[in-house]
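Listed below are the residues making up each chain.
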Amino acid sequence: MSVSTAPVTHLARPHRPVVVAGTLGELRGPTSGLVELPLRLWWQPQRAFDLGVHTMLLWMYENVLREAIRVDELRAYLDGPTLARLWPELNLPRSVRAAWEARHPRLRILTAA
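Scope of this entry: the structure provided in the associated data block. What you see as residue numbers is a count from 1 along each chain, following the sequence as written. With the structure being a predicted model, the display of local features is reserved for residues of pLDDT at least 70 and the display and counting of side-chain atom pairs for 80 or more, all residues being used for whole-chain, interface and lining totals. Side-chain measures were taken over the full set of non-hydrogen atoms in the model, leaving aside hydrogen atoms and water.

**Observations concerning the overall build of the protein**
No. 1: Each helix is a run of H or I in the DSSP string that is no shorter than four residues. Each strand is a run of E no shorter than two, and both are numbered from the N terminus. A count of helical and extended segments in the protein gives five helices and four strands.
No. 2: From first element to last, N terminus to C terminus, the protein shows the α and β order β-β-β-β-α-α-α-α-α.
No. 3: Classification of the 113 residues of the protein by burial places 41% in the buried group.
No. 4: Note on definitions: a residue-residue contact is assigned when non-hydrogen atoms from the two residues lie within 4.5 Å. Residue pairs at least 24 apart in sequence account for 59% of intrachain contacts in the protein once pairs closer than 6 positions are excluded. Relative accessibility under 20% of the residue-type maximum defines a buried residue, over 50% an exposed one, and the middle range a partly exposed one, all with a 1.4 Å probe and only protein chains included.

**Details of the side chain of Asn 63**
No. 1: As for its position among the elements, Asn 63 is in helix α1 (residues 54-67).
No. 2: Contacts of Asn 63, omitting those with residues within four sequence positions, involve Leu 41, Trp 42 and Ala 68.

**Let's talk about the pattern of salt bridges**
No. 1: By definition here, a salt bridge exists when the distance from a side-chain nitrogen of Lys or Arg to a carboxyl oxygen of Asp or Glu is within 4 Å. Using the criterion set out here, one finds six salt bridges in the structure.
No. 2: Here Asp 72 makes a salt bridge to Arg 70, at a shortest N to O gap of 3.1 Å.
No. 3: The exposure class assigned to Asp 72 is partly exposed, which follows from its relative accessible area of 41%.
No. 4: On the basis of relative accessibility, which here comes to 40%, the residue Arg 70 falls in the partly exposed class.
No. 5: Of the charged contacts in the structure, one is a salt bridge between Glu 101 and Arg 97, with a shortest N-O distance of 3.8 Å.

**Overview of the packing of aromatic side chains**
No. 1: Under the pairing criterion, centres of Phe, Tyr and Trp rings, with the six-membered ring standing for Trp, must be within 6.5 Å; the plane angle then separates stacked pairs below 30 degrees from edge-to-face pairs above 60, leaving the rest tilted. According to the stated counting rule, one finds four aromatic pairs in the structure shown.
No. 2: With 6.0 Å between their ring centres and 85° between their planes, Phe 49 and Trp 59 make a pair best called edge-to-face. With Phe 49 in strand β4 (residues 48-50) and Trp 59 in helix α1, this pair connects stretches of sequence that are 10 residues apart.
No. 3: Phe 49 sits in the buried class, given a relative accessible area of 2%.
No. 4: Between Trp 87 and Trp 100, the aromatic rings sit 6.5 Å apart at their centres with planes inclined by 45°, giving tilted as the arrangement. Here Trp 87, found in the loop between α3 (80-86) and α4 (94-103), pairs with Trp 100, found in helix α4; they are 13 residues apart in sequence, far enough to count as distant. Here Trp 87 and Trp 100 have matching classes, each one buried.

**Considerations on the side chain of Glu 62**
No. 1: The residue Glu 62 is located in helix α1 in this model.
No. 2: The charge count includes Lys and Arg as positive and Asp and Glu as negative, but it does not include His or the ends of the chains. Here Glu 62 sits buried without a salt bridge, and the closest side chain of opposite charge, Arg 66, lies 4.7 Å off (N-O distance).

**Remarks on the nonpolar core**
No. 1: As used here, the term nonpolar core means buried Ala, Val, Leu, Ile, Met, Phe, Trp, Tyr and Cys residues forming a set that is joined through side-chain atoms within 4.5 Å. Core analysis: the largest hydrophobic core is formed by 32 residues, its most contacted members being Met 60, Leu 65, Leu 74, Leu 83, Leu 90 and Trp 100.
No. 2: Within the residue set of this core, elements represented by two or more residues are α1, α2 (71-77), α3 and α4.
No. 3: Considering every element that reaches this core, the biggest residue donor is α1, with six residues.
No. 4: The contacts of Trp 100, once residues within four sequence positions are left out, are Val 18, Val 19, Val 20, Ala 21, Leu 24, Leu 27, Leu 65, Leu 74, Leu 83, Trp 87 and Leu 107.

Written out as structure tokens, the structure reads:
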């Protein structure tokens, strides 16, 4: 019996891997104001999120983390320190959370705290 050494691929949806930023520091998205997500990331008629409203901020982060297919989407809409602060509150699929925590163990520590 052989043991596979292939990396684990976490899926955001069937046949679509979770996209994870290489570092939290490269995430320099907006931290205030209104942010309108493109239709590809949020397909509802009202696509603007007021980042000053905590529930809207959480909702936007959850959607970007689930729906992003390119790292540049993460960079455009997420902010590293804000992501770390929100991480324990985010409602994410297990696979998305696992992929991010595998790449950024600091997030796993924040969740356990």
